[in-house]
Every structure is written in C-alpha cells, then in structure tokens.
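Architecture at a glance
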Amino acid sequence: MTAKILLTGADRFTMADRMTSPSAPELTEQTPNEGNATAPKVLVLLTVIEGADLDAALAVVGRQVYEPAPEVVVVGDAGKLEGVRVAPDLETAIAEADQSIDYFWILHSDARPRPDALRALVTEVERNGAALGGSKLLVAGTPDVLESVGSATDVFGEPYSGLEEGEIDLQQYDVVREVAFVRSASMLVRRDLAQGLRGIDHLLPPIAAGLDFSQRARIAGGRVISVPSSEVYHQGRCDEGVEGWREQAGRLRAMLTAYTPLTLLWVVPYEIIVAILHSLGSLLFGRWRPLVRHLAAWGWNLVRIPSTLKLRSRNRKIRVAGDEELFRFQARGSVRLREIGTELSSRVLGLFDDDQALARGAKRVWAAPGIWGAVLAGAIALIAARSILFTGMPTTGATLPFEAPTVSFSRWLGGWNDSGLGSPSAVHPSTLMTAVLSVLTFGATAAARTVATVLSVFVGIVGMGRLGGRLGLRGPGRYLAGLVLMAGPGTAVLAGNGSWTALFAAALLPWLVRAVMVPDGWEGPGSFGWVLVLAVPTAAFAPLLTPVPLLMALLLSPRGSMTRRLVRGLVALAGVAVAVPFLIGHPEWILDAGQRILPIPNRIWVGLITAGAVLAAMLADRWRTVAVVGGVLALGSWVALLFPVGGPGVEEALLITASLGAALVVSAGLDMIAVEPLRLAAIAAAAAMIVVSLGPLGNGRYGLPSGDLDERYGFGPALSGDTDPGRMLVVSADRDLLPGEVRPGPGFWYRLVDGSGITHDEAWLPGPMEGDIALAETLRIIAAGGELRPGAMLAPFAIDWVVIEGPELELEAALVGQLDLLPTPLSTGARVYENLSSAEIAAADDGAWTRSGAGYAGEPTSGRVRLAVNYDPGWQPDAVADEWAVTVDGRTGRAYYEAPAPDVAMALAGPLVFLGGLGLIIWGRRKR
Amino acid sequence: MSRALSILTLAALAAALVVLPAPARPEPGPAPAHNPSSFSVCPVIEGGGRTTQLAVASTVEGPAALTLFANGSTVGSIEMALGSNGATVIPIVDVAAVGTVGGLVELPSASAAAGSRILGAVSSTLESCITSIPAQVFLAGGSTAGQSEMTLHLMNPFAGDAVATLVVHSEAGRESNNRFSRVIVPSRGSAVMNLNEVISGREWVTVRVDVTRGRVAAAVRQTRGEAAAAWNAVEPGVSWLIPIPTGVDGRLVVASATPGSVEYQVDLYGAEGVEGAALTGSLSEGEESSLSLADIAGTRAVRVVATSPVVVSLEVSDGTTLSATTATQQTAGSWLLPAAASQGVRVVLLNPELEDASVVVRALREGGGEFPVNLPAEGVIELSLDAADAYLVDSDVPIVAMLFEAGGAADALAMGVPVDNG
C-alpha cells in the first residue's frame, strides 16, 4: 500500500469495548466538545442503504460527541421521517446545504460509527488541512476485522488495501496518512469541495464511488487522508446486490473521468491487455466470471460515454493538479495480475507442499518434509529437459509432430486414418490429446509438443509425491521417486524406443491412482469425477493402463477403505472408453507380440528393486506395505513381460507399471532419513535407483532418442515442388530405425510415411487392408530382384521415394539393376531412391489433387479422381473401388471420408466420460 | 501380507526374472529367392562403317523392347513382338543412328536371350548380350600390340550412376593410369575406352572391372587389321567349359582374376571323351596364359579348373579372321543361340556328363526345322545349320552349346545363353 505518513500519535480512543451488534453500538466514555463555538459545522448526509436499519443509523449519529451537534439529512428513498430532512440524492443535498456548513459527513446507513468517529474525522482533517478524510472501517459483527483503512490503487483504480483477509485490527494501521481513496461509507469532505464536485457520482457502486470522489477531490487540489482514529463498523449492506462487474465498471468510469487524455492514451490499451490476461489467468483456474465482468464493464461504459464525457468536462473546470498527483498513491503494475500470479505460484507451490509449509511462512519452508525432495527432483527434471528447451523436440520413433488441431479432431471423430495406405480404423486416442494440447496453445502445435513434454516429467514428479502423501509418506523420497517413475526400468525402455505417449501416461498414472486411493471420509460425486477426469487422458495415452489403479486399490487398501477404493478403481476403467474405437480397429495392438519391443530385463534394476523392496519390507508397516506392493508390481510386470503374450499395448502398460512399482519402492526407502543400519541400506538402494534413472534422463530429452525426421526426410516436400510429395517407403533391417510401427517385409521392416512429413497420428499402423497386402506382394517381387521397373510397381501406391536406413539389405542389390528408382545422394545418412515413375496420390484426369485436411482437394474435374488409399465406401463423393484403391467423383473438387454414425458415436464416448467427470466434480463442489 | 511372505514373494519374482529366458526379438520375413533377370545389355555400334543387328529369342511368347541409351537419356527405343518362331532380328539402323552406345533389351521372360552382331565392311562379330551384371567382372585375351586395337565398352543402363575401377594387367605387370581409377559410367550411358591410347604395345592385356557403385556391363572389341572379335567380361570362376569347333586355329586363354597365385589345369575332350590333363600351370594376379589350339590338335573341347577364380576364353584366328568368346561355367538343358545369321552356321555341342544326351536343335526362323541328334557322354558334335535368327538347343542332359560362323573374311564365335525351358 502506498501511503504518505503525515502524523503520528493521532488521537486514540479506547479499543477495549467494541461494538458487536451493528444496530446497537455500545457507548464508550465520551469526551464532548461542548461549548466549542469555533468547531467546524458539520452536516451529516446519511445515505439510505437498502436493508440497513435507518433508525439505528440515525440513533448512532445522534450519539456522536461533537459540538455543534451536526444536522442530519437523509439522502435517498427514506419514506417519511419525522424531524429529519430528506434529500432525494446526494447532489441535491450538497447543493442545498447552507453556506455556514464547513463539512459534510457522508455516511451510509449501514455504518455504525463510534461516538467519537466524527470528532476524530474533523480533528484530523482540520489538523492536516485535508479536503477529504475517511474513517477506518471495521466489519460489523466480527472481532475487529479490518475492512478498510483507506486504500492505494493501481493505475486502473483497482483497490489495494494491503489487508489480509480476516486481518484483525491491532492498531497496526493507526497512522494518519494520505491515501489514494477512502470508502464512501464514512467520509468527511469539505463543503466547498463537495459542492464543487457536486457530490458522489450516483451511477457508481460504493467502492467505486469512493474512489471516484477521492480522485476528483485530489485533482481539485484536495488532500485525501485516512483517519484510523475514526472507527466505523460497517455492515457491508451497500455491497450486497452490487454485482462485481458494476464495481469494475465503476472503477473504469472513475479512471476515464479522472485521467488526462494523454494518460488515457496509454492507460486504456494497457487496461485492455490486463483485462485479457486477467481473464485468461482466471480461466486457468476455472473461473469464467472475470471475463464476463470485463466485457460487461466495458459494455456498461461504452453505453455511458456521453455522461462520461460530461463528467470529464466538469472535472476539467476544477482540475488544479495533474495525474502525477494520482500516481503518487498508486501501486505499480496491475493488482489483478499480481493476484493471479500470487494464486498461481501458491497453487504450484502447494502441489509440493502438502503440509502447507509455505502458507505458514517462508522461513519454515525448508523444514517441511518433502519440499527439498520436490525442489531437487524439479531441478533435475529441468536439467533433463535442456536439449528439448534449447534445440527443440526430437522427431523420431513415435515422437512425432502434431497435425493441426482441426485435422486431429476430424481424424478422431471418425475421420480417415491416414497412416500407411490409410484405413477407416480409428486413430490412436492420443491424437485427441494432441488436438487438445494444440488448442491450448492457440494452434501452435510445435509449442504444444515442447511445453507439454517438458511439463510431463514435472507432472509425474508432483503426481508421485502426491500419491506418496496419500499413501502416508511424508519424506523427500516420494518426489524424487518421480524421477524413477519417469525414467525407471520400464518408462526408460519406452522413451528410449521413441514412445512419447509413455511419458504422459506415466506422468498421469500416479494422479489417477491417487484419485482412486481416496482417504477415509471422502465421499461424494466429486471424488468419482476426479477419477474419470484423470482416467480418460491416462487411457488416451496408454489405454491398457486403466486397470492399474484397481490393482493398486486391491493391494494397498486397508480393509476399511477397500470397498470404496475398489469402486473407484472400477470407475477408472471407464476411462478406456476413449480408446475403444482404436482397440477395436487395432486388435493386433493388444494381441500381436511381433510388434513388441521385447526388452530384456535389466539385471541392475532387478537387483535394486528386489533389494530396496526387501529392505523396506523389514521396516515399519507404513513403509513395508508401499515398498512390497511397489516391488511386486515392478518385478511382476517384468516377469509378465518375459512371456511373448500380448501386443505392444500390453507391453506398454506393463513397462509403465514396472516403473511405478520401482518408484513406490524408492518412495518408501527414502521416506525417512535415519542413522539405522536397515534404514541406511534401504536409503542406499533407493538412492541407487534414482542414480540409475538419471542415466536415461542424462540425454537432455527425458530419455527420448535424438533425431529429426523432418530434417532427415525433408527432401520429400523440398523436392516435390508444387505437387503433393506423395509417400515415402522407409525400409530397414533394424526396425528401431524406422518411425512408429512397422510391417515385416522380405528380409526387412518397412512402412509408408507421408511425404510431406510424418505426424503423430501416423505412428500406429492400422490393420492391413487390401492395399497393404498388395504392397507387401509388390515388395516381395521387387526384393527378389530381376525387376527392371520397381518404381512403376510402387507408383500406384503413390510412393515417390524409397529410403533405406541402417545396415545394407539384400533389397539394395535388387535395386542396383533397375531403371526407375534413381539413387539420390542426399546427406541424410540414408540411401534414398527417387521414383522416376511416381504417380500422384490423388490423380485426376487433367491434373492432381493434394491433401487438404483429412481429405484431398483440387480443381474440379468431370472425370473421376483416383485416391491411392485403401478402398472404403465411406469416401465421398461416390466412392468406387479401383482394385485396392478408391476413385471418387471429381466434380466437387473435394474428396473426404464420411465415417459411419456408430464410429462417430464411439469416438464421442471418451470425451463424454471426461465431461461427465467434470460434471461430477462441479456437482460435488456445489454440494460441499 | 506378512513380512516373511512379502520377502518370499519378492525373492520368487526376482528368481523368475533371472531364470526365465528373455523372449526373442521378432525378425522380418525371410528374403525371397532371387528372381533371374529378364533383360540383356548389348554393345551397339552404329556408324563409322559399322552397323549392329540385335537378335532376340525367347522360348515363351511375350513383348520385348529395346532401348538405346547414351549420355543419361534414351536415344531410341522400339517395342517388338517375337514372331511365332520365337525370334527376331532388329537392325539398329532402323531405330537410331547412335554411334557407340548401349542397348537394353527387355525380354519377355528369363528364358530368353539376345545377341549382338556388329558388321563391318569385312568383319563381323557376334556375342550374346550380357544378362548377369555382378559387381566384379574380368576379361582376358586382349592386345594392344601391333595392329591390334582393344576397346573396352562399359555400359550402365540403370537409374543410378556407376563407378568402377579397372585393374589392368599386361606383360608389363599391373598398369597404372589415372584413367583406370574411378571410372564414372553415367546412368543410362556408356564409357568407351580405347586401351591402345592408354597402354599401347601390350601383347596381352587383362582387365578386371571392380564396380564400387551401381552396376556396369563390360564388353571388349578387339580388332586385328581388318578382322574383329567381341566378347564379354564375365564373373570369374573356378571351373570352365568350352567346345572347340573343328578345323580352326587359334588359342585358349586362361587368366587369373584374383590376387595371389592360382593353379589351373586344362582337361581335354577328345573323340573318346576326357583324355586327361594337357596342361597345368600357375598364374599370378591378372596374368594370362595362352594354349595354342595347334598344340592340342584333335581336342574337341576343354575344361579348365583352377584353385581360385579365373576366366577362360577361346580365340579363333587364322591370320585374316578373328573371333572369340568366353567359356561358360554352366551346363544347361536348354540353350538359346542368338545369331542374326545370314549364312550357314555351326552349332558346337559339348556333353560333359557321363550319360548320352538326346538333343534337339531348332532353327528359329520361319520354316525353321528341328534337328534331333544323339550326343554321347563326354562327347562333342558339330551341326551345320542354315541361317536363322537364333537357334534353340534342348537336351535331356545338361550340355554346353556354342555357335561358330566361318565365312570368308569374317568369322564369328559366340557362347550360347543357358535358359530354363522347363
């Protein structure tokens, strides 16, 4: 709060007896100034506040120990009052006041001033030569809770009192000082000034009115002071029914009327920017009202521009001081943005601070268990992201760029799956998440990918810490265990294999488990809502992870909590709804072991997990249970992985579960630091696991492999000119060198990628259709050699390039003696062949169409357009099979895929479950 | 779960991880069996008093095409249908006047063959076109001494540029010249090197073509005065067969293609079959050895075996005529002999097996007849046939077939092309 101290040792009245009843203030010992003929004459303007007891207010005014006894004028709709003058509005009351009056005491009828309040006001205003003085407002009916002692504002008029919520008056602000404004609930103003200013703007609500009046008083050359010795209990009825946006609109009007045009020139745009940022920041916390308030405030003011101009004109006549006089009492920056920043930081820090140590004070932060573990883990995570932060995300394996959010949404909603030769099968559910992330960054897909990836590890670390907290752990190990979760035995294998989604699935899993592991006494729909809200994105990234919370609930719950947790574990299974379309279309993803990574268990990890879990198992129950369950999960998952049963989806879930298990062992082992042999051994095992996890994190990409496929295969779009770059056939004997899923070929692995750049949705290959079978047969023939024109054989598949990665293949010998695959020496490290017989991916009789969103578009043609995609009758308009491919009617200039209604309905199931979860959370909050 | 049970469970899982074998990594499907090529690369000379005729023959019906390539592009092409007799002859002059270029003949199947006959004013050469293009080929029997002129023709009909290194040996030892290293044969182009301009005066010259990128088909044209012969560079091998026409003079050339010393042995086929080793010897890398046919008079065929890969060729020359061909490493039940013959030819058949063969020779021309003949075990017979576009030899026992044309100043000698006529 910016204020200027004028005086110390202001008159002080006893604070012992406080008024607790707003309608019946107690009398304190009075010190009347009877016989003081020179005392200023005061007229009390008692503003009628709806719902306030006017008679009580009049009675309180009557008990004021001030001579000459002030005359009272009731302002507003007071009905008929005996012996009291009534004025319809403040302006009239002020205008009609007798010239003998020195001061007006503007008082709300919901204010209950102490008997000496007026005297204190007059005394201090006189003593300081001020034009306007405000009382100290205390909340009526409370033990001296401060409401206002005069306020500073920011440049937009946003009040900044500096008071904590519920702060008790301990005379800590009892200093007379100049302030930006005083509240209109109780203010003393010089009569001449009030008449010059024509009173309070009747359009404004109370706080804004006070601000406006104070600002006008100041630019008219008056001093505005806060008089803490004048204590007034305020019922706050004047604030009731006044919507927040009205105060905001009032402040805006006060700003627009007070400032000079030069100031407005920068303040208005600044205010608009602040309003936008404030609205967005509020939305981040789920609050939509600020946005509406800003819009309403501006709308209200736009409607009242004429009256605002009139007020400005009036103010110009009385102005004797510049805007600098106002700036003197204003806080720097924006109060609203500062509040948002404070809330954000407190929420973020709160994530690490179960014990609310931060809330208790910064000095005790480091004494809080877990906080240094969180900070250390966070620092490591930040260092582990250095390559991503400085050089960008790798594009390799299944870590691929996002498509535009509209295209991703369209593919998700039953759109065409463009992977390989295309398929009507659903895309991987993480495609939906990429669309959501991209929308959050306003379509900046690269930024979405980078930011989300960097944050994922932090989310995992915090999630692991919070899960540990829920399981009764309090030490630093639970946050450090987040590193093991994100780079432990399983996640590191997946990340090392280029699985970007594994990072997110691992990061979300502890949150989901935590939501399921509700503590005793947690009931209500909100807890189910959180389970659903977390289960859907978890399943979107790793569909088969959803049973893990149920398993954890089974293993970790005491008897009393088991039923409740099992029910929530079962509810978590609903999250898989988001993946049902994908799982139906890709059964091999669950069943085909041939697509798995099939990693070999790392002996170091096996030893460390076993040692850590066994050692912790010999500790007290609190740690034993967590460590044993973690150890069983980790080791059991690895044992299951040794059996070649299940596809890559099963493998993914087991690997992430193995990391979660290892992380639980670390949480238990590092939960308490004590110099006991057993504890020290457990700590050593846990620390060793963290150290081993740092290995994968050491590459600066969270363990993701390096590589930039966009650059490596960038020659496709670069050399294709105006035509569609078609597809690339990428081939290798080492399938790890190829992006995403691959198909087995004769002596090599292969897959097709989009020539214009492979995107996230293409990482998963749908089940083979006729075109894929035809391509496999073509490759078998080419690989056998003796074909002079393999390019012509590949042309129907729109393959413009053949790229061979890794070790030399027999296929290359077959490609030596041929006529239409031109070896092209490019500095990519791969052997690249340009197809001299290439054909367009969407070929019309008189030209070619190009990709457009999830379909194709080009010049309308009277003939048919052949699309080099697997035939499906859903292609429009008028799909006709052309061997394995499809032709469409070219007259509309557009080809698009129209999914059957059941497919669309299935795609909507996941988001609906998510929204249902949100609804339950909101319902739960309202119930609470 | 009790403490002991917990520890036991953990220990059991850890033990299972140690004991259970890790699953094997998935492998892609097996590489397919190699398909034989169905094309031939032929040296073509058109102009300078010489013209080329290509004979194309096939045992199955189907379209064929000829593409003449030079300097990275196609300079002429023609599609052809093999007649009912299964053969045709294409005069290149009808396709394009192109100079010295390469010709790619796309054959209807792997059981087809092409041959290139280059006619000069008084000379004629005939050689089957190249069907197999390995990364290393070798040729021997050339000379740049006296009136001899040796021209190497490297052809690359394929999509990518090829790079080859020539390892050239002569009686002077290994020849060193910048023009022999990193010879670039452009895609769809040829590189023609007159060795007389580089290493003149060499009595004998052998050339190994090591291809480091792409593929190169190599053929040589050797002139001696007015006479000319042409033969192909082939992949070296350790066992060679070649019949010898009756009544000819000339020499058998054996040359070593690989580093180190090579022991070789020449077995002679006489009227009664294999008569024993006539000659043994050793060769160093790139060295060649000649065996005069006069020294082995009465020999109907030879078999050469060696401890390391060598190449064997036969040169027929009587001082005014010259013809040559490379021996074969293969026996087969069917042979195609592209001829583009305008006069009578002799088909020389060798049966290296130990059982008699029933052989049918067909002249592929309109009204061409069939000539059944019995070929005794380890025997050689020679058939004189009328002119035809090509000849097809079918045998129930794997044999070797060669074409010899002796007429006036121009002889022609060409090993047949083994085909699968099953």
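Read on for a plain summary of the structure. No experiment lies behind these values; they were computed from the predicted model shown.

What follows deals with the interface of chain A and chain B. Between chain A and chain B, the contact holds 53 residues from the first and 41 residues from the second. Of the roughly 3600 Å² buried between chain A and chain B, counting both surfaces, carbon and sulfur atoms make up 69%. A salt bridge links B:E106 to A:R789; the shortest N-O distance between them is 2.4 Å. If you look at where chain A meets chain B, you find nine residue pairs in polar contact (both at pLDDT 80 or more). If you list the elements that add at least two residues to the side of chain A that touches chain B, you get α26 (603–617), α27 (621–641), α32 (770–783), α34 (810–816) and β18 (821–824) of chain A. Broken down by element, the residue count for the side of chain A that touches chain B peaks at ten residues, all from α27(A). Looking at the side of chain A that touches chain B residue by residue, the class counts come to 33 nonpolar, ten polar and ten charged.

The next thing to look at is the pairing of strand β4 (residues 73–81) of chain B. Residues and elements named next belong to chain B. Of the strand pairs in this sheet, strand β3 (residues 63–70) and β4 are connected by eight bridges, and their pairing is antiparallel. Among the inter-strand pairings, P63 is bridged to a residue of β4, identified as A81. Where β3 hands over to β4, the hairpin turn is made up of two residues, of which N71 adopts a positive phi near 55°.

Once that is clear, we can look at the environment of A:V320. All names here are of chain A. The residue V320 is located in the loop between α9 (305–318) and α10 (323–327) in this model. With relative accessibility at 63%, the residue V320 sits in the exposed group. Separated by 99 residues in the primary sequence, V320 and G221 have C-alpha atoms spaced 5.6 Å apart. With residues up to four places along the chain from it excluded, the contact list for V320 reads I219, A220 and G221.

Before going further, it helps to examine the side chain of A:E271. Residues and elements named next belong to chain A. As for its position among the elements, E271 is in helix α7 (residues 261–284). Looking at E271, the relative accessible area reads 4%, which means it is buried. Within polar-contact distance, the side chain of E271 engages the side chain of R336 at 2.9 Å. Residues within four places of E271 in sequence aside, it is in contact with F156, L252, M255, H294, W298 and R336.

All names here are of chain B. Taken as a whole and judged by the stated rule, the model has one disulfide over all chains. Each sulfur of the disulfide joining C42 and C129 lies 2.0 Å from the other. Its S-S torsion of approximately 115° makes the covalent link between C42 and C129 right-handed. Highlighted residues: C42 in strand β1 (residues 39–46) and C129 in the loop between β8 (124–128) and β9 (136–142), separated in sequence by 87 residues.

This paragraph deals with α32(A). All names here are of chain A. A rise of 1.5 Å per residue sets the reference length of α32, with its 14 residues, at 20 Å; its end C-alpha atoms lie 20 Å apart and thus fit the reference within 8%. Listed as buried for α32 are G771, D772, L775, T778, L779, I782 and A783. The buried residues of α32 occupy an angular sector of 130° when the element is viewed end-on, so they sit on one face. In α32, the exposed residues that point more than 90 degrees away from the buried face are E770 and I773. One or two steps after α32, the chain reaches G785, where phi turns positive at roughly 80°.

Here the focus is the pattern of salt bridges. A pair can form between side chains of opposite charge whenever their charged atoms are brought close. All names here are of chain A. Within this structure, the stated rule accounts for 45 salt bridges over all chains. The shortest N-O distance in the salt bridge between E178 and R223 comes to 3.6 Å. Of the two residues, E178 sits in strand β11 (residues 176–178) while R223 sits in the loop between α5 (206–219) and β13 (224–234), which places them 45 residues apart along the sequence. On the basis of relative accessible area, R223 is assigned to the partly exposed category, the value being 28%.

The rules behind the values
Residues numbered from 1 in each chain as written. Chains lettered and ligands numbered in written order. Predicted model: local features only at pLDDT ≥ 70, side-chain atom pairs only at ≥ 80, totals over all residues. Heavy atoms only, no water. Contact = heavy atoms within 4.5 Å. Buried area = accessible area lost by both parts, 1.4 Å probe. Salt bridge = Lys/Arg side-chain N within 4 Å of Asp/Glu carboxyl O. Polar contact = N/O pair within 3.5 Å; in protein donor to acceptor, adjacent residues only side chain to side chain. Helix = DSSP H or I, 4+ residues; strand = E, 2+ residues; numbered from the N terminus. Nonpolar A, V, L, I, M, F, W, Y, C, P; charged D, E, K, R; others polar. Pairing = 2+ DSSP bridges. Buried < 20%, exposed > 50% of the residue type's maximum accessible area, 1.4 Å probe, protein only. Disulfide = S-S within 2.5 Å. Expected span 1.5 Å × (residues − 1). Arc of directions from axis to C-beta.

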